[in-house]
Amino acid sequence: MQKITVLSGGMGGARFLQGLLHGIAGGVLPGIAPDAVVTVVANTADDLWIHGLKVCPDLDTVMYTLGDGIDPERGWGRREETWSVKEELATYGVEPTWFGLGDRDIATHLVRTQMLDAGYPLSQVTEALCKRWLDPAHGRRLRLLPMTDERVETHVAIADAESPSGRRVVHFQEYWVRLRAEVPAETVVVVGLDQATPAPGVIDAIVDADLVVLPPSNPVVSIGTILGVPGVRDALGVTRAPVVGLSPIVGGSHVRGMANQLLGSLGLEVSAAGVGLHYGARSAGGVLDGWLVDEVDADQVDRVLAGGLACRAVPLMMTDPDATAAMAAAAVELVRG
């Protein structure tokens, strides 16, 4: 049975996974059988504690999306959500008010927090939660893993004229949700990442895979943090599987999110070629064998090829499951052809 491992962030990764599974089921991925097993290693550096609850945005977005419980308009949270608890907390003046937990969504966080308090690691908690969301047909060929069981949190340094140092550091969720990524990011600090260890199953999922995919998730705070867990890069270096990525940058800008701001904070070029070359070719100590760019960035293919990566320009807009499945098929063809 074939094994595919995907390193995923939240919305972009979840939407790509929908198309990947659609393509596998439809038999449109070259050389990939319909019974292929997909393991998702999800970013947990966006996690936070709020109102005493452990919230894992990327894990939940993947879980809800693949379990058909996501709000399709927002791209996060539960569909048919209500907000009574959020409104009541606001009347008490309980902060933060900028991060709202929906009434249905709170149930997930309550169960997760209770299990963590009882001593279960995040990987076992995630497995238990997925028993509800991933139906038997998915459950036989889909597994969701956190990148680590340990606490890792992404923080962003921003300018602050009122601070003695001229800057202050905010949690990534505050930067993304409250500030809407409209304040320039000076640097990104991922607390606890260098002391973290991969969650059980993560390294095996990479080393034993037949294909590893980096979907169009944020290269700094999604894929970047997964790659930063000690041991993950080494596993990508030795896996027998080809490793292929899809650009989150189309036409010089991110499709959704804040890749522009965060790439700039690290001094990285905001372009399809720039991100691919940042990941680098495995033949030169990087993590990729192949890199897909959008058709509008076809003029950057030669530059990526010169960096040691197989590269093609194909449509990369995830407009529907069929279009996304076609992207996944192109990724497979690029590195398995």
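Scoring rules and cut-offs
Residues numbered from 1 in each chain as written. Predicted model: local features only at pLDDT ≥ 70, side-chain atom pairs only at ≥ 80, totals over all residues. Heavy atoms only, no water. Buried < 20%, exposed > 50% of the residue type's maximum accessible area, 1.4 Å probe, protein only. Helix = DSSP H or I, 4+ residues; strand = E, 2+ residues; numbered from the N terminus. Salt bridge = Lys/Arg side-chain N within 4 Å of Asp/Glu carboxyl O. Phe/Tyr/Trp six-rings, centres within 6.5 Å; stacked < 30°, edge-to-face > 60°. Lys NZ or Arg CZ within 6 Å of the ring centre and 35° of its normal. Pairing = 2+ DSSP bridges. Axes fitted to C-alpha atoms, helices over the stretch in contact; angles between N-to-C directions.

S.K.: Please provide a residue-by-residue account of helix H2 (residues 57-66), values included.
M.R.: The element H2 is extensively covered by neighbouring structure, given that 10 of its 10 residues are classed as buried. Listed in full, the buried residues belonging to H2 are Pro-57, Asp-58, Leu-59, Asp-60, Thr-61, Val-62, Met-63, Tyr-64, Thr-65 and Leu-66. Looking one or two residues beyond H2, the residue adopting positive phi is Asp-68, at roughly 60 degrees.

S.K.: Can you explain the pattern of salt bridges? Please cite residues and give values.
M.R.: Using the criterion set out here, one finds 12 salt bridges in the structure. Among the salt bridges present, the one from Asp-210 reaches Arg-240, with a minimum N-O distance of 3.6 Å. Separated by 30 residues along the polypeptide, Asp-210 in the loop between helix H8 (202-207) and strand E9 (211-214) and Arg-240 in the loop between helix H10 (232-238) and strand E10 (243-246) bring together distant segments of the chain. Accessibility expressed as a relative area gives 24% for Asp-210, which makes it partly exposed. A salt bridge links Arg-312 to Glu-333, with the nearest nitrogen and oxygen atoms 3.6 Å apart. In this pair, Arg-312 is assigned in strand E14 (residues 310-314) and Glu-333 in helix H14 (residues 321-336), connecting sequence segments 21 residues apart. Connected through salt bridges with shared partners, the residues Arg-168, Glu-174 and Arg-178 form a single ionic network.

S.K.: Describe the packing of aromatic side chains, listing the residues and the values that go with them.
M.R.: Two aromatic rings, taken as a pair, are described by how far apart their centres are and by the angle between their planes. Applying the stated criterion across every chain, the model contains three aromatic pairs. Consider the rings of Trp-98 and Phe-99, whose centres lie 5.9 Å apart with planes at 90 degrees: the pair is edge-to-face. Among the residues examined, Phe-99 registers a relative accessible area of 11% and is labelled buried. Both rings, one in Tyr-279 and one in Trp-291, keep their centres 5.6 Å apart while their planes meet at 70 degrees; by these two values the pair is edge-to-face. Note that Tyr-279 is positioned in helix H12 (residues 272-279) and Trp-291 in strand E13 (residues 290-294), a separation of 12 residues in sequence. Given the relative accessible area of 3%, Tyr-279 is considered buried. Just above the ring of Tyr-64 sits the side chain of Arg-78; from NZ or CZ to the centre is 5.8 Å.

S.K.: Account for the sheet that holds strand E8 (residues 185-191), naming residues and giving values.
M.R.: Pairing in this open sheet of three strands is antiparallel, and the strands run E7-E6-E8 from one edge to the other. Since the sheet does not close on itself, it has two edges, and those belong to strand E7 (167-171) and E8, each with one partner. For this sheet, the mean inter-axis angle between neighbouring strands, taken without regard to orientation, is 25 degrees. Strand direction decides the pairing type here: strand E6 (residues 153-159) and E7, joined by five bridges, are antiparallel. Within E7, the position partnered with Val-156 by the bridge is Val-170.

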